[in-house]
Amino acid sequence: MSLCSPQTRMFADEVLAAYRSRRQIGPLTTLEPTFSVADGEKVGHEVARRRVAAGERIIGRKIGFTNRTIWAEYGVYSPIWGPVYDSTFRDVDGPATVSIAHLVEPRIEPEIVLGFKAPVTAGMDERAILGAVGWVAHGFEIVQSLFPGWRFQGADCQAAFGLHGALFCGPRTPVEGDAEAWLTALTGFAVTLFRNDERIDHGIAANVLDGPLSAVRHLAGVLAADPQASPIAAGEIITTGTVTRAFPIAAGETWSTMVDGLAVQPMRLTFG
């Protein structure tokens with residue numbers, strides 16, 4: 001049984017009802033101006049508890065707003081996070097057609113996905129975190145906004161799944177061999193994003209809090225400061241944030257990438 005506050009329960013009700021009926025709601029921060037990121041974390045935990053109770057399984061986490069170049073665009077100036085569920089995750093091997101009909105105002109984010117073979121705790125540096133990584137892949141996270149027009153504050157995002165809608169993960173490359181080469185690659189790669197084969201944007205590893213391993217290091221510290229959060233465990237899948245800007249997507253479009261400097265396969269998805 002949940003022991004959360006009446007406000008936390010009420011906002012969890014609002015978020016889940018909007019998600020399940022595919023409708024939008026006003027930002028929670030407009031209902032309660034003092035609603036903080038810490039309050040948003042509490043709502044997020046209650047939402048996750050209910051989703052698990054309903055049969056979903058948490059398999060990892062997403063980190064959002066790690067790309068500093070988009071902070072001013074959204075008015076959110078620090079990273080957020082949310083669970084990734086077995087129901088929102090899909091492995092894809094090569095071009096695929098996928099549905100986004102269940103998502104609200106979806107946007108696409110090309111990201112680096114890490115699979116962990118060992119736990120990660122606060123205080124570990126990037127080299128130690130790399131030692132806990134079993135595989136790396138490139139993927140598309142599809143984010144959504146339950147708040148009209150993508151207008152919100154960080155606390156709203158934290159309450160609403162960290163904006164997570166779906167994660168499509170490409171083929172997995174085992175992390176083995178020269179650690180220095182991997183550290184260099186994970187801080188020096190670049191991703192070019194295309195819509196219907198037209199170049200839309202280009203991003204570099206440093207956009208993501210200086211690289212995916214640094215994004216995980218940040219997450220580990222945030223989780224350690226949250227009494228309801230568990231540390232990153234072996235077996236978790238973590239997607240580390242968009243390398244480019246996030247772009248609206250629509251049925252009928254094909255989005256693809258080119259990746260330079262990192263041994264992962266590019267992505268190509270058509271949305272139905």
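Fair warning: this is a prediction, and the values are worked out from it, not measured in the lab.

### Comments concerning the packing of aromatic side chains
And step 1. Evaluated as defined, the whole model comprises 9 aromatic pairs.
And step 2. Relative to F152, the ring of F147 lies with its centre 6.3 Å away and its plane at 70°, an arrangement referred to as edge-to-face. Grouping residues by exposure puts F147 and F152 together as buried.
And step 3. Seen from their ring centres, W150 and F152 are 5.9 Å apart, and the 65° between their planes marks the pair as edge-to-face. Note on accessibility: W150 and F152 belong to one class, buried.
And step 4. Taken together, the ring pairs in this structure connect F65, Y74, F147, W150 and F152 into an aromatic cluster.
And step 5. Above the face of the Y85 ring, R51 is positioned so that its terminal group lies 4.0 Å from the ring centre.

### Regarding the sheet that holds strand 10 (residues 198-204)
And step 1. If you walk across this open sheet you meet the 5 strands as 4-14-13-9-10, and the pairing is mixed. In this open sheet, the two edge strands, each paired with only one partner strand, are strand 4 (96-98) and strand 10. Here the average twist between neighbouring strands, direction ignored, is 25°.
And step 2. Inspection of the sheet shows strand 4 paired to strand 14 (residues 268-271) by 3 bridges, in the parallel sense. Each bridged residue has a counterpart across the sheet, and for T97 the counterpart in strand 14 is T270.

### A few points about helix 3 (residues 37-53)
The α-helix advances 3.6 residues per turn, and as a result positions three or four apart in sequence lie on the same side.
And step 1. Look at helix 3: 24 Å from first C-alpha to last across 17 residues, which is about the 24 Å you get at 1.5 Å a residue.
And step 2. Within helix 3, burial applies to G40, E41, V43, G44, H45, E46, V47, A48, R50 and R51.
And step 3. Structurally, helix 3 contributes buried residues whose contacts are with helix 1 (6-21), strand 1 (58-64), strand 2 (80-85), helix 6 (154-159) and helix 8 (212-224).
And step 4. Where helix 3 terminates, the next one or two residues include G55, which has phi positive at roughly 115°.

### Describing the side chain of Q158
And step 1. With respect to the helices and strands, the residue Q158 is situated in helix 6.
And step 2. If we ignore the near neighbours within four places in the chain, the residues touching Q158 are V37, G40, E41, G44, I80 and W81.

### What to know about the pattern of salt bridges
And step 1. By the definition in use, this model includes 13 salt bridges.
And step 2. Between R51 and E56 there is a salt bridge, with its nearest N and O atoms 2.8 Å apart. Grouping residues by exposure puts R51 and E56 together as buried.
And step 3. Ionic pairing is found between D91 and R172, a salt bridge with its closest N-O pair at 3.1 Å. Taken together, the positions of D91 in strand 3 (residues 89-91) and R172 in the loop between strand 7 (164-169) and strand 8 (173-174) put the pair 81 residues apart, joining distant regions of the chain.

### Structural notes on helix 8
And step 1. Between the first and last C-alpha of helix 8 there are 19 Å, a value that for 13 residues agrees with the 18 Å anticipated at 1.5 Å per step.
And step 2. Along helix 8, the residues that are buried comprise P212, L213, S214, A215, V216, L219, A220 and L223.

### Digging into the pairing of strand 13 (residues 254-260)
And step 1. Counting buried positions along strand 13 gives 5 out of 7 residues, so the element sits mostly inside the fold.
And step 2. Relative to strand 13, strand 9 (residues 190-195) runs antiparallel, the two being bridged by 6 bridges. The partner of T192 across the bridge, within strand 13, is M258.
And step 3. As paired elements, strand 13 and strand 14 share 3 bridges and run antiparallel to each other. Within the sheet, the bridge partner assigned to S256 lies in strand 14 and is R268.

### Quick notes on the nonpolar core
And step 1. Core analysis: the biggest nonpolar cluster contains 64 residues, and F65, F116, V120, V136, F152, I232 and L262 have the highest contact counts within it.
And step 2. By size, the runner-up hydrophobic cluster in this structure holds 18 residues, among which are V98, I108, F168 and F247.

Rules and cut-offs
- Residues numbered from 1 in each chain as written.
- Predicted model: local features only at pLDDT ≥ 70, side-chain atom pairs only at ≥ 80, totals over all residues.
- Heavy atoms only, no water.
- Phe/Tyr/Trp six-rings, centres within 6.5 Å; stacked < 30°, edge-to-face > 60°.
- Buried < 20%, exposed > 50% of the residue type's maximum accessible area, 1.4 Å probe, protein only.
- Lys NZ or Arg CZ within 6 Å of the ring centre and 35° of its normal.
- Pairing = 2+ DSSP bridges.
- Helix = DSSP H or I, 4+ residues; strand = E, 2+ residues; numbered from the N terminus.
- Axes fitted to C-alpha atoms, helices over the stretch in contact; angles between N-to-C directions.
- Expected span 1.5 Å × (residues − 1).
- Contact = heavy atoms within 4.5 Å.
- Salt bridge = Lys/Arg side-chain N within 4 Å of Asp/Glu carboxyl O.
- Core = buried A, V, L, I, M, F, W, Y, C linked by side-chain atoms within 4.5 Å.

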